[in-house]
Amino acid sequence: MQIDKKDIRSLSKEQLRDFFVSQGDKAFRGNQVYEWLWSKGAHSFEDMSNLSLATREMLDANFVINHIKVDSMQVSTDGTIKNGVKLHDGLIVESVLIPTETRTTACVSSQVGCSLDCEFCATARLKRMRNLNPDEIYDQVLTIDQQSRQNHGHPLSNIVFMGMGEPLMNYNNVQKAIEKITSEEGLGMSPKRITVSTSGLPKMIKKLADDGVKFKLAVSLHSAIEETRNRIMPFTKNFPLTELRESLQYWYSKTKSRVTYEYVIWKGINDDKASVDALVKFCKYVPCKVNLIEYNPIDDGEFQQADERATNSYIAALEKNDITVVVRRSRGKDIDAACGQLANKS
């Protein structure tokens, strides 16, 4: 029965080489299979055309490839593509291809559902069912790379871990996936083109710094006033802003990589002068840039996009203090593919 078979992608290249030797075959067969699994993204052993039929049958008798399947695909009027990705156990996550004139970005998920409880995010309403394995994360990226080539004529240029889940609560698997994505034996992408976005877990941010990661760090901040942040992101009661600040200072001292703050402005929540002043102050602790993100409603009225005046107040105050600020207009809203909208409605 298939459930007894091991997923072959859980083996390292050395383990694959050893397996072939144990079968009385040459070790280099392991290299061939490894290349098929990762850089060529083979979905089945039948695809491995440079292996003999007997070898493919032997692999099929011993292993499975738990490859993801695109269960549904929606295309936005702006060219954004949202994939409903079915995992080997039938669970579904979502990933998004976001095109601009010059590049394509993959927004990938790291958990089925989410461990956190941010009030404004649709994904947070799904309980966390499990962490994604490294190969499941890798497959999302590979799929979007293929979609980018087919639809836009060029390979994927950037990756953001801003889909479903909190990446730092699936730290080891996210790290392993990024190792494969950046490896020459995988997709060979530069880690500088990868951004991992966290809601702000100080202990894990320090671990990133200690591990010497080369990717970029983004933090979903949304308020630099403790009381407001705790109200909209209740889990942050356990992670005060002072601890977050200290962990980000530690991150910068170790990596010399500036932090990006993701920040949504809501009407009546953080659109006042006190909120602007608090953000400016927080930004001075560590070199950073701020992405002001357009809010995408998730069916209820508590959270409403602030008006343009509030956005302009933030921009003016940040620029006056020489803090880089970018306004991010959401894409894929018509297919619920924008920030905070990934909730497996299908």
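Above this text you will find the structure in question.
Every value quoted in this text rests on a predicted model; they were computed, and no experiment measured them.

A. Structural context of the environment of L187. For L187, the location among the structural elements is in the loop between α5 (171–182) and β10 (194–198). According to the relative accessible area criterion, L187 is partly exposed, its value standing at 23%. Taking the C-alpha atoms as reference, L187 lies 42 Å from K267; in sequence the two are 80 residues apart. Apart from residues no more than four positions distant in its own chain, L187 is found in contact with Y138, V141, L142, K180 and I181.

B. Local environment of the side chain of S157. Mapped onto the fold, S157 is located in the loop between α4 (134–152) and β9 (158–161). Taking relative accessible area as the criterion, S157 reaches 11% and is therefore assigned buried. A distance of 3.3 Å separates the side chain of S157 from the side chain of N158, its partner in a polar contact. In contact with S157, other than residues within four places in its own chain, are R103, T104, M189 and R193.

C. The packing of helix α1 (residues 13–22) against helix α2 (residues 28–37), seen in detail. Running from N to C, α1 and α2 point in directions that differ by 135 degrees, and their axes come no closer than 7 Å. For the element pair α1 / α2, the angle class is oblique. The two elements α1 and α2 cross, and the hand of that crossing is right-handed. Counted together, K13, L16, R17 and F20 of α1 and F28, R29, G30, N31, V33, Y34 and L37 of α2 form the full contact between these two elements. Looking at the contact of α1 with α2, its residues break down into 6 nonpolar, 2 polar and 3 charged.

D. Spatial organisation of a positive patch on the surface. A grouping of R103, K192, R193, K214, K216, R258 and R328 is seen on the molecular surface, where their side chains present a positively charged patch. Position of R103 relative to the elements: it lies in the loop between β5 (92–99) and β6 (104–107).

E. Examining the nonpolar core more closely. I8, M48, L59, L248, Y261 and V290 are the most contacted members of the largest nonpolar core, which totals 97 residues. Looking at this core, the element that brings in the most residues is helix α9 (residues 273–283), giving 6 residues. The residues touching V290, leaving out its near neighbours within four places in the chain, are Y261, Y263, L279, C283, L318, I323, T324, V325 and V326.

F. Structural detail: the pattern of salt bridges. Under the definition given, this model contains 14 salt bridges. Among the ionic pairs, D135 bridges to R9, the shortest N-O distance being 3.4 Å. Note that D135 is positioned in helix α4 and R9 in the loop between β1 (6–7) and α1, a separation of 126 residues in sequence. We classify D135 as buried; its relative accessible area is 6%. On the basis of relative accessible area, R9 is assigned to the buried category, the value being 5%. Here K254 and D210 are joined by a salt bridge, their closest N and O atoms 3.6 Å apart. Of this pair, K254 sits in helix α8 (residues 241–255) while D210 is found in helix α6 (residues 202–210), placing the two residues 44 residues apart along the sequence. Judged by its relative accessible area of 46%, D210 falls in the partly exposed class.

Parameters at a glance
- Here the residue index of a chain counts from 1 through its sequence in written order.
- Reporting of local features is limited, given that this is a predicted model, to residues whose pLDDT is at least 70; pairs of side-chain atoms are given and counted only at 80 or more, and all residues count toward the totals for whole chains, interfaces and linings.
- By convention in this description, side-chain values take in all heavy atoms of the structure and omit both hydrogens and water.
- What counts as a helix is a DSSP run of H or I of at least four residues, what counts as a strand is a run of E of at least two, and both are numbered from the N terminus.
- Only protein chains enter the accessibility calculation, which uses a 1.4 Å probe; a residue is then buried when its area is under 20% of its type maximum, exposed when over 50%, and partly exposed in between.
- Contacts between residues were defined by any pair of non-hydrogen atoms, one from each residue, lying within 4.5 Å.
- Polar contacts, as used here, are pairs of N or O atoms within 3.5 Å; protein pairs need one atom able to donate a hydrogen and one able to accept it. Residues neighboring in sequence count only if both atoms are side-chain atoms.
- Here the axes come from fitting lines to C-alpha atoms, over the contacting stretch only for helices, and the angles between their N-to-C directions go from 0 to 180 degrees.
- Convention used here: angles under 35 degrees read as roughly parallel, angles over 145 as roughly antiparallel, angles from 65 to 115 as roughly perpendicular, and any remaining angle as oblique.
- It is the rotation of the near helix from the far one that decides the hand of a crossing: anticlockwise by less than a right angle makes it left-handed, clockwise makes it right-handed.
- For this classification, the nonpolar set comprises Ala, Val, Leu, Ile, Met, Phe, Trp, Tyr, Cys and Pro, the charged set comprises Asp, Glu, Lys and Arg, and every other residue, Gly included, is treated as polar.
- Any residue with relative accessible area above 30% and no salt bridge may belong to a patch, with like charges joined within 9 Å and the nonpolar Val, Leu, Ile, Met, Phe, Trp and Tyr side chains within 5 Å.
- Areas reported as accessible are Shrake-Rupley estimates using a 1.4 Å probe. Residue values count occlusion only from the protein chains shown.
- Any carboxyl oxygen of Asp or Glu within 4 Å of a side-chain nitrogen of Lys or Arg constitutes a salt bridge here.
- Charge convention: Lys and Arg are scored as positive, Asp and Glu as negative, and His as well as the terminal groups of each chain are ignored.
- A charged residue contributes its charge at one atom only: NZ of Lys, CZ of Arg, CG of Asp or CD of Glu.
- Joining through side-chain atoms within 4.5 Å is the link that ties buried Ala, Val, Leu, Ile, Met, Phe, Trp, Tyr and Cys residues into a set, and such a set is a nonpolar core.

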